[in-house]
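Next come the chains, spelled out residue by residue.
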Amino acid sequence: MTEENPTWVAGPEFRKAMEMAIEKHAGQARKADHEPYLGHLLAVASNVIEAGGTETQTAAALLHDAIEDQGCTREQIATRVSPAVAAIVDSCSEKDDSDHSDRAGTWWDRKSTYLAKLAGYATKDSLDDAVLVALADKVNNCEKTVRDLHRHLNEKKLSLDTFWNGFNAGDSCQEAWYRGLLAGFRSINFDSQLADGLVRRFEKAVEALFDKRKIETCTVDHCHEPNNPAQQGGN
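Residues numbered from 1 in each chain as written. Predicted model: local features only at pLDDT ≥ 70, side-chain atom pairs only at ≥ 80, totals over all residues. Heavy atoms only, no water.

Moving on to the overall build of the chain. Within the chain, the secondary structure is distributed over 11 helices and zero strands. Buried residues in the chain amount to 44% of all 235 residues. Sequence separation of at least 24 residues holds for 70% of the intrachain contacts in the chain that already meet a minimum separation of 6. When the accessible surface of the chain is split by element, carbon and sulfur atoms take 49% of a total near 12300 Å². (Helix = DSSP H or I, 4+ residues; strand = E, 2+ residues; numbered from the N terminus. Buried < 20%, exposed > 50% of the residue type's maximum accessible area, 1.4 Å probe, protein only. Contact = heavy atoms within 4.5 Å. Areas by Shrake-Rupley, 256 points an atom, 1.4 Å probe, with all protein chains shown as cover.)

Okay, here's the thing in structure tokens:
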């Protein structure tokens, strides 16, 4: 039997994260197709592994939405899995000083805060472990959204203006968000060809989602990104 020498071997940290992910997300599904949400978590973990991530980063990928979507606390993850995983998950979670009762209304405020945080990584000497997990998450989100848009327009024969129904933001604000993310990830020195390949995948997905078509003005009732005509009109 040949020795294969994987870069890391799944240990207690990974197994505990998987168990907690199943427990917290078992009943959750994606909005567009009701696919079990565990599929997204596993895909993000796979992206992290393929980009050269560590066991700790991969474990955090499985739990990256646990705080934001499932009400877990950093302390709970630290106790059940590890403090290092908890720190990454916490860093990947959007911070919101409100009572969380109006996530649509505060949408751009939350997104712009994260974009500013992402831009700050470009000037740091060492890269936070959470950045790779965040990139892996955004790649899977965008690639699946491209797939969903194709089905919406070409298979279901529905209009673009109904595609973002159920989301907290519409077309132009989503474009600003994804292009802002792309600019942020491009500015970071990952010092890894594997991670750089993940950035290129994200770029391809963003282009597929927004290039070569008219961008519709977001009309969702929330604080829009500043260049949105609805925002400039005082909404």
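Although it is not a glycine, Asn5 adopts a positive phi angle of roughly 50°. Within the fold, Asn5 resides in the segment before helix H1 (12–25). The exposed category is assigned to Asn5, whose relative accessible area is 54%. Despite not being glycine, Lys212 shows a phi value in the positive range, around 60°. Counting through the fold element by element, Lys212 comes out in the loop between helix H10 (193–210) and helix H11 (229–232). Using a relative accessible area of 88% as the deciding quantity, one classes Lys212 as exposed.

The next thing to look at is the packing of H1 against helix H2 (residues 38–50). Helix-helix packing: each pair is described by the crossing angle between the helix axes and the interaxial distance. With their axes 10 Å apart at the nearest point, H1 and H2 run at an angle of 150° to one another. One finds that H1 runs roughly antiparallel with respect to H2. At the point where H1 passes H2, the crossing takes the right-handed sense. For the pair H1 and H2, the contacting residues are Met18, Ala21, Ile22 and His25 in the first and Leu38, Leu41 and Leu42 in the second. Here the residues of the contact of H1 with H2 are counted per class, giving six nonpolar, one polar and no charged. (Axes fitted to C-alpha atoms, helices over the stretch in contact; angles between N-to-C directions. Parallel < 35°, antiparallel > 145°, perpendicular 65-115°, else oblique. Left-handed = near helix turned anticlockwise from the far one by under 90°. Nonpolar A, V, L, I, M, F, W, Y, C, P; charged D, E, K, R; others polar.)

Attention now moves to helix H9 (residues 171–186). Here H9 is 16 residues long and its end C-alpha atoms lie 22 Å apart, about the 22 Å a rise of 1.5 Å per residue gives. Buried within H9 we find Asp171, Ser172, Cys173, Gln174, Glu175, Trp177, Tyr178, Leu181, Leu182, Gly184 and Phe185. (Expected span 1.5 Å × (residues − 1).)

Now for the confidence of the model for the chain. Of the residues in the chain, 90% reach a pLDDT of 70 or more, and the chain-wide mean stands at 89. Mean pLDDT values for the elements of the chain range from 52 in H11 up to 98 in helix H3 (residues 55–62). (pLDDT = per-residue confidence, 0-100.)

What follows covers the nonpolar core. Ranked by internal contacts, the top residues of the largest apolar core, which has 62 residues, are Leu63, Ile77, Tyr178, Leu181, Phe185 and Phe202. At 10 residues, the largest contribution of residues to this core is made by helix H8 (residues 129–155). Ignoring any residue separated from it by four or fewer positions in sequence, one finds Leu63 in contact with Ala17, Met20, Ala21, Ile77, Val81, Val85 and Val89. (Core = buried A, V, L, I, M, F, W, Y, C linked by side-chain atoms within 4.5 Å.)

The interhelical angle for the contact between H2 and H8, taken along N-to-C directions, is 125°, at an axis separation of 8 Å. Overall, the two elements H2 and H8 adopt an arrangement that is oblique. In this structure, H2 crosses over H8, and the sense of that crossing is right-handed. Residues Gly39, His40, Ala43, Val44, Asn47 and Val48 of H2 form the contact with H8, whose own contacting residues are Leu132, Val133, Ala136, Asp137, Val139, Asn140, Asn141 and Lys144. Looking at side-chain class alone, the contact of H2 with H8 contains seven nonpolar, five polar and two charged residues.

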